[in-house]
Amino acid sequence: MINATLKALSQQLAAGAVSSEELARHYLDRIDALNPVLNAFITVDRDKTLLDARAADARRAAGNAGPLTGVPLAHKDLFCQQGWKTSCGSRMLDNFVSPYDAHVVEQCKAAGMVTLGRTNMDEFAMGSSNENSWYGPVKNPWDIQAIPGGSSGGSAAAVAARLTPVATATDTGGSIRQPASHCGVTGLKPTYGVVSRYGMVAFASSLDQGGMMAQTAEDCALMLNVMAGFDKRDSTSVERAAEDYARDLTRPLAGLKVGLPREYFAEGLSPEVARVVETAVAALKKQGAAVVDVSLPNTALSIPSYYVIAPAEASSNLSRYDGVRYGHRAAGYTDLIDMYEKTRAEGFGAEVKRRIMVGTYVLSHGYYDAYYIKAQKIRRLIANDFVEAFKSCDVILGPVAPTAAFDLGSMNNDPVEMYLSDIYTLSVNLAGLPGMSVPAGFAANGRPIGLQLIGNYFGEARLLNVAHQFQLATDWHTRAPAL
Amino acid sequence: MKWEVVIGLEVHVQLSTVSKIFSGASTAFGAEPNTQACNVDLAYPGVLPVLNEAAVDKAIHLGLALGAKINQKNVFARKNYFYPDLPKGYQISQMDLPVVEGGQIAILVGDEEKIIRVTRAHMEEDAGKSLHEDFHGLSGIDLNRAGTPLLEIVSEPDMRSVDEAVAYAKALYTLVTWLGICDGNMQEGSFRMDVNVSVRPQGQEAFGTRREIKNLNSFRFLEQAAKYEIQWQIDTLEEGGKIQQATVLFDPDTGETRMMRSKEDAHDYRYFPDPDLLPVRISDAWIARAQSEMPELPGQMKARFAAEYGLSAYDAALLTASLAQARYFEAAAKASGQGKLVANWINGDIAARLNRDGGDILACPISPERLAGLVARIADNTLSSKLAKQVFEALWESDLSADAIIERDGLKQVSDVGAIEKMVEEAIAANPKAVEEFRSGKEKALNALAGQVMKASKGKANPAQVLEILKNKLAG
C-alpha cells in the first residue's frame, strides 16, 4: 500500500478492500514516523483527519461516493482551509486559523477527499530550496543533506516519501516543477486561470497558479479534474467548458512533435541533467515522437523580468500583513508606525523582506518605467517566443533545473545564484503556460532529475498524455527513496 | 495688488450600489461597526476582488451626462499606503486609464453661464473609518465603509471665484443625484469635496502654488473654507511670504484651514495595474444601453423650460436644481397651462416656506395638482393676488383643493360687471369730494375711489375691472 497511486487507492476504496479511515491511519502513522526527520508537514491533526475519513466512509456506504471519495491528500500551507492553521510558512501567520476554504479546498472536500495535513513551504512561496520556512527546512527524502526544492518542498517531499498519495501545490516561478524534479515526483502547473486562486494566499498574483504533485501523470489528471474549473470569485479564472483531463492519456505518441528549445541546452546546464533529458528524448522518439528544433530567444531575460514583476506584486500583496486584524503583532510598540515596523520586522523572514524591498523599489516614482514597465514588455516578448515555437511543435521539452538538488545551506549567502537556477521554469509562468515535471533519472549522487514538459495554452490533456505515455515506457516515477 | 483666484475641485461621489465595489457586502449606512465587512473587505489572506458592474454602469451614465469620453478599456490600479483603516495596505483605484475622461458642465453665476471642464472621473473603493474616541487611548477601526464604491470626479482649474466653485459643486451634485447614481446624502459622506486653491496676480499666466483643502462635506463649508484659504494665501503673499504646496484641513469650529502635510511628506503611492482584476471592457452595446436610459438632463431641461414656458434663465435654473423640483414644476405647469405663474409660485412662496422649514420640494405639502388648481383660479381671474395668498395658506395647511377652499371661505373674486357697476355707483355717490378732485385733474383720487369699491366688496372685486368701470362712469 505504501506505493499505491491515487488511481489504485481509488479502486481499492471502491472495491471495499480498504476503508478511508484505514487509509488515513496508515498515512498518519507514516507521517508520525517520518516527519520528525523530513519536516514536510507544518500541521497534522489526527482527530480532524479521522473525522473527515469517517465521513467519507459514511458517504461511500450511502452510495454517494465519487472516484476520489476517501482518498487522502495534503494541502500546501497556503490554501486557506477552514479551521486549519494556514501559515504560508511564515511567523506572520503562525497564529492564523483560516475562517474560510479556498476554492481548491472546497473542490477537494466536495470530492470527498480527506486532508492529512498541511505541507511545509518557503515563506509566502518565495524560494527555491525550502530553506525560507519559519518552520525550518524540509529535507529531501532521497538524501537528507539535500534541499527538496521550493517553494512547494513540503508537498514534493511528502509525495516522494509516500506520506501522502497526492499533494496540492502552487507554482509562481517553478515552485511545483522544481521541487517535483528534485524529489522525483510528477508535478503539474496548469495554464494560468485554470485553477481558481480564490483562497490561495497570494505571492505574485499574475504568476501564481495552483496545481498538484503525485506519483504519476495519471494521478495528476485525476486531481486536475477535481481542482480545475471556473470560479467567479477569481476574476482571472478562465470561463471554459469543463473537460476530462484524463481523456487523452492513452493516445499513442506517433506523430507527436516535441520542440527542443536550443536556449535550454546551452551553457549552464549540468552534463548529467543534459544526459537525462537526452535519454528521455530518445525514449519518446522510440514511441513515435518527432523532435523539432525550436528557439525561445528571450529565455535569459526571464530572470530579470520575473525578479521585477514578482517582487513588485508581492510587495503590494504582503502589505495586508500589518498586525492590525489578524496574524502576528509585535508585543510592544510606541505608536502606529512603530507597531507596523516591529510587526513586519519580526513577522517576515529575510527572503520575504528582500523581495518586498526590491518590489517597493521597482514600483517607486522615477523607477517604475525603467523596471516594471520594461519587465512587462519583456514578458510579452517571452510569451510571443512560445507562440512562435508552438507553430512547429505540440509540446516543448527541456530540463527543469540546471542541476539536481543542491546541498542544504550551500546557497544561503547567494540569493542571486539561487535566482539564476530558475532559468528554465520562469518563462512558463511569465507566459502563463502549463508545465510539468516528470521523473526521468538520477544524478550520480542518487538525487532525482526531472524532465520538463511545456504545453500550449489549455493543453493540459495533451501534456498529461505525453507524460503518461512516457511513464508507460519508463519506471523512474515508480522509484521511491529508502526510508 | 489685485489677485486672481484659481480653483479646481476633486469630488468623491459615493455610487448608490446595493453591494460594495469588489465584494458582496452591503453598502447600507449606519450598521453596527464591522457587521458589513466580509472576508474580502477584511483583506483576509487569499481573498480576491470581483468588480461590481453596477458601479461601472453608474460611471458610464455620468460620463455620458458630461459629454465625456468613456474609456472602453479602463484599468484598476493599486494605490499603496499603510493605514489601519485600509485593510489591504492598498486602495484599488484607477490611474492611467480611468473610466471617464474629459467632459464639461455648465454653471450659472448671477446671470453668467460658464463652462467648467472635467478632467476625468475614476472608480475606486472607499477606506474604512478610524474611531479615536471611546477606546481609552486606543483606536477603533470600523470597516463597514471599506470597499464602498466611489467615483472621483476631477475638474480642471477653471473656477475663478468661490461662487463659481460652489456653483460647480452644486451643479455636479444636481447631476449625480438627477442621474440617480448617488443618494446625495452629504451628512453620511455621499458627496465629499477636495478643493485646490491658488492665487496669482491679476494678469499673470502661470498658476500660483496650490494648497488642497481635504474632505469638505457641505457647500457651506466649501464656501467658508475656500474664502478663508484665499484670504490666508493673499495675506501670506502680501506679507512677503511664500505658499508651500500642501494638503490642509478645514476646521468648521474655528472656520480656519490648517496644514495636514506638506509636499515633502507626500506619499509615493507606487501605483501599478491590479493583477487581480482584468481591464474593464465596456462594449458599444453597454454604452448604447446606458444612453437609452439617460433621462433629460438638467441643462437640456432648463433650456426647454425657458423656451416652452417663457421663463427667464434664472427661473429655469432654479426649477432644475433637482429632478424632483423639475418634475414638480412640469406637472403643475401642464395641469394648469400656466408655466410662468407656476414658476413664480415655486421659486417664490413655496421656496421661501421650504427654506424656512429646511426641506426640499419633496417636503412640500401642496401637490403639483393642487398648485395647478390655485394657479388656474388666478389665471381666470377668480382670485386676486391677495386672495390667492390666502388660498395658498389654506392649501399648505389642509389637503383640500383650491376650488374647495374658495367655495368654503367664499373667496371668489367678483367679476360680474353688474355687481361691480353697482358698487362703483355707490362709491361715487358716497364720495363727492373725491369725484370732484378727480375731475379737476387729481389722478390719485381714482385710487381712493377704487379702494372704497374694493373695501365694499371685501376685497373680492376684480381690481382691473373696478378701475375700468370707475373710469367709464366718471368720464360719462
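Coordinates for the structure precede this section.
Residues numbered from 1 in each chain as written. Chains lettered and ligands numbered in written order. Predicted model: local features only at pLDDT ≥ 70, side-chain atom pairs only at ≥ 80, totals over all residues. Heavy atoms only, no water.

A few points about the overall build of chain A
Okay, so step 1: Counting its secondary structure elements, chain A contains 15 helices and 11 strands.
Okay, so step 2: Seen through its C-alpha atoms, chain A measures out along the principal axes to roughly 65 × 55 × 45 Å.
Okay, so step 3: A total of 483 residues make up chain A; the buried ones form 65% of that total.
Okay, so step 4: Sequence-distant contacts in chain A: of pairs separated by 6 or more residues, those separated by 24 or more amount to 76%. (Helix = DSSP H or I, 4+ residues; strand = E, 2+ residues; numbered from the N terminus. Buried < 20%, exposed > 50% of the residue type's maximum accessible area, 1.4 Å probe, protein only. Contact = heavy atoms within 4.5 Å.)

Concerning the environment of arginine 377 of chain B
Residue and element names in this part refer to chain B.
Okay, so step 1: Relative to the helices and strands, arginine 377 is located in helix H9 (residues 368-379).
Okay, so step 2: In the structure, arginine 377 is positioned 84 residues away from alanine 461 in sequence and 14 Å away in space, judged by C-alpha atoms.
Okay, so step 3: Those residues in contact with arginine 377 that lie beyond four places of it in its chain are Thr382, Leu383, Asp403 and Ile406.

Section: the nonpolar core
Okay, so step 1: Judged by nonpolar contacts, the single largest core of 158 residues is most densely connected at Met113, Phe124, Met223, Phe386 and Leu464 of chain A.
Okay, so step 2: Apart from the residues within four sequence positions on either side, methionine 223 of chain A is in contact with Leu6, Leu68, Leu73, Cys108, Met113, Val166, Thr168 and Met212 of chain A.
Okay, so step 3: Counting residues in each nonpolar core, the second largest holds 71 residues, with Leu9, Val162, Val199 and Phe221 of chain B among its members. (Core = buried A, V, L, I, M, F, W, Y, C linked by side-chain atoms within 4.5 Å.)

Observations concerning the layout of surface pockets
Residues and elements named next belong to chain B.
Okay, so step 1: Its volume calculated, the second largest pocket comes out at about 1,800 Å³.
Okay, so step 2: Counting residues per element, the ones that place at least two in the lining of the second largest pocket are strand E7 (104-109), helix H2 (162-178), helix H3 (219-238), helix H5 (298-309), helix H6 (313-319), helix H7 (323-336) and helix H8 (339-357).
Okay, so step 3: Sorting elements by how many residues they give to the lining of the second largest pocket places H2 first, with 10 residues.
Okay, so step 4: Counted by class, the lining of the second largest pocket contains 31 nonpolar, 13 polar and five charged residues.
Okay, so step 5: Shared between two domains, the lining of the second largest pocket holds at least three residues of each, these being domain 1 (8-201 + 263-289) and domain 2 (296-409). (1 Å grid on protein atoms, 1.4 Å probe; cavity = no way out; pocket = protein on both sides within 12 Å on 5 of 7 lines; lining within 4 Å. Points joined across faces, edges and corners; volume = space filled by probe spheres on them. Nonpolar A, V, L, I, M, F, W, Y, C, P; charged D, E, K, R; others polar. Domains from an automatic or database assignment.)

Things to note about the interface of chain A and chain B
Okay, so step 1: At the interface, 38 residues of chain A touch 29 residues of chain B.
Okay, so step 2: The largest share of the area that chain A buries against chain B comes from Ser235, Arg320 and Arg325 of chain A, three residues that together contribute 21% of it.
Okay, so step 3: Scanning the region where chain A abuts chain B turns up one salt bridge.
Okay, so step 4: Measuring nitrogen to oxygen at the nearest pair gives 3.1 Å for the salt bridge that ties aspartate 276 of chain B to arginine 197 of chain A.
Okay, so step 5: Applying the counting rule to chain A against chain B returns 17 residue pairs in polar contact (both at pLDDT 80 or more). (Buried area = accessible area lost by both parts, 1.4 Å probe. Salt bridge = Lys/Arg side-chain N within 4 Å of Asp/Glu carboxyl O. Polar contact = N/O pair within 3.5 Å; in protein donor to acceptor, adjacent residues only side chain to side chain.)

With respect to the sheet that holds strand E5 (residues 90-94) of chain B
Okay, so step 1: With antiparallel pairing, three strands are arranged side by side in an open sheet as E5-E4-E16 (chain B). Single-partner strands in this sheet number two, and they are E5 and strand E16 (272-273) of chain B.
Okay, so step 2: By the bridge criterion, two bridges tie strand E4 (residues 76-80) of chain B to E16 of chain B in an arrangement that is antiparallel. Each residue of the ladder has a partner; that of alanine 77 of chain B, found in E16 of chain B, is proline 273 of chain B.
Okay, so step 3: On top of the sheet, helix H9 (residues 302-317) of chain A reaches E4, E5 and E16 of chain B; it is set at about 65° to E4 of chain B, its chief contact. (Pairing = 2+ DSSP bridges. Axes fitted to C-alpha atoms, helices over the stretch in contact; angles between N-to-C directions.)

So, the packing of helix H2 (residues 20-38) of chain A against helix H3 (residues 46-61) of chain A
All names here are of chain A.
Okay, so step 1: One way to put it is that H2 packs onto H3 with a least axis distance of 8 Å and a crossing angle of 160°. Our classification of the angle between H2 and H3 gives roughly antiparallel. In the packing of H2 onto H3, the handedness of the crossing is right-handed. Residues Ser20, Glu21, Ala24, Arg25, Leu28, Asp29 and Asp32 of H2 lie in contact with H3, whose contacting residues are Arg46, Thr49, Leu50, Ala53, Arg54, Ala56 and Asp57. (Parallel < 35°, antiparallel > 145°, perpendicular 65-115°, else oblique. Left-handed = near helix turned anticlockwise from the far one by under 90°.)

What to know about the packing of aromatic side chains
How two aromatic rings sit relative to each other is set out by the distance from centre to centre and by the angle between their planes.
Okay, so step 1: Within this structure, the stated rule accounts for 31 aromatic pairs over all chains.
Okay, so step 2: Ring centres of tyrosine 321 of chain A and phenylalanine 348 of chain A lie 6.4 Å apart, and the angle between their planes is 85°; this geometry places the pair in the edge-to-face category. With a gap of 27 residues between them, tyrosine 321 of chain A in the loop between H9 and helix H10 (336-347) and phenylalanine 348 of chain A in the loop between H10 and helix H11 (350-362) connect regions that are remote in the sequence. One exposure class covers both tyrosine 321 of chain A and phenylalanine 348 of chain A, and it is buried.
Okay, so step 3: Between tyrosine 173 of chain B and phenylalanine 219 of chain B, the aromatic rings sit 5.6 Å apart at their centres with planes inclined by 90°, giving edge-to-face as the arrangement. Taken as a pair, tyrosine 173 of chain B in helix H2 and phenylalanine 219 of chain B in helix H3 lie far apart in primary sequence, 46 residues in all.
Okay, so step 4: The exposure class assigned to tyrosine 173 of chain B is partly exposed, which follows from its relative accessible area of 22%.
Okay, so step 5: A relative accessible area of 15% places phenylalanine 219 of chain B in the buried class.
Okay, so step 6: Feature note: the residues Phe96, Phe124, Tyr321, Tyr326 and Phe348 of chain A together with Tyr44 of chain B constitute an aromatic cluster, connected by ring pairs.
Okay, so step 7: The aromatic ring of tryptophan 84 of chain A is capped on one face by lysine 48 of chain A, whose charged end is 5.0 Å from the ring centroid. (Phe/Tyr/Trp six-rings, centres within 6.5 Å; stacked < 30°, edge-to-face > 60°. Lys NZ or Arg CZ within 6 Å of the ring centre and 35° of its normal.)

Quick notes on empty space enclosed by the protein
Residue and element names in this part refer to chain B.
Okay, so step 1: According to the stated counting rule, one finds four cavities of 30 Å³ or more in the structure shown.
Okay, so step 2: Considered as a void within the structure, the largest cavity measures approximately 180 Å³ in volume.
Okay, so step 3: Lining the largest cavity are 21 residues, with Val40, Asp41, Lys88, Ile92 and Glu125 sitting closest to its centre.
Okay, so step 4: Considering only residue class, the lining of the largest cavity consists of 12 nonpolar, two polar and seven charged.
Okay, so step 5: The computed volume of the second largest cavity comes to approximately 110 Å³.
Okay, so step 6: A breakdown of the residues in the lining of the second largest cavity according to their chemical character gives five nonpolar, nine polar and two charged.

So, the pattern of salt bridges
Okay, so step 1: Per the counting criterion, the structure on display carries 54 salt bridges over all chains.
Okay, so step 2: A salt bridge links glutamate 296 of chain B to arginine 304 of chain B, with the shortest nitrogen-to-oxygen separation between them at 2.7 Å.
Okay, so step 3: A residue is classified by how much of its surface remains accessible, and glutamate 296 of chain B, at 26% relative accessible area, is partly exposed.
Okay, so step 4: What you see here is one network of salt bridges that share partners, running through Arg197 and Asp234 of chain A together with Arg78, Asp274 and Asp276 of chain B.

Considerations on a nonpolar patch on the surface
Okay, so step 1: A contiguous nonpolar patch, built from Leu336 and Ile337 of chain A together with Tyr83 of chain B and spanning about 250 Å² of accessible area, is present on the exposed surface.
Okay, so step 2: For tyrosine 83 of chain B, a relative accessible area of 35% corresponds to the partly exposed category. (Patch = residues over 30% accessible without salt bridge, like charges linked within 9 Å, V, L, I, M, F, W, Y side chains within 5 Å. Areas by Shrake-Rupley, 256 points an atom, 1.4 Å probe, with all protein chains shown as cover.)

Limitation: the analysis is restricted to geometry and does not speak to function.
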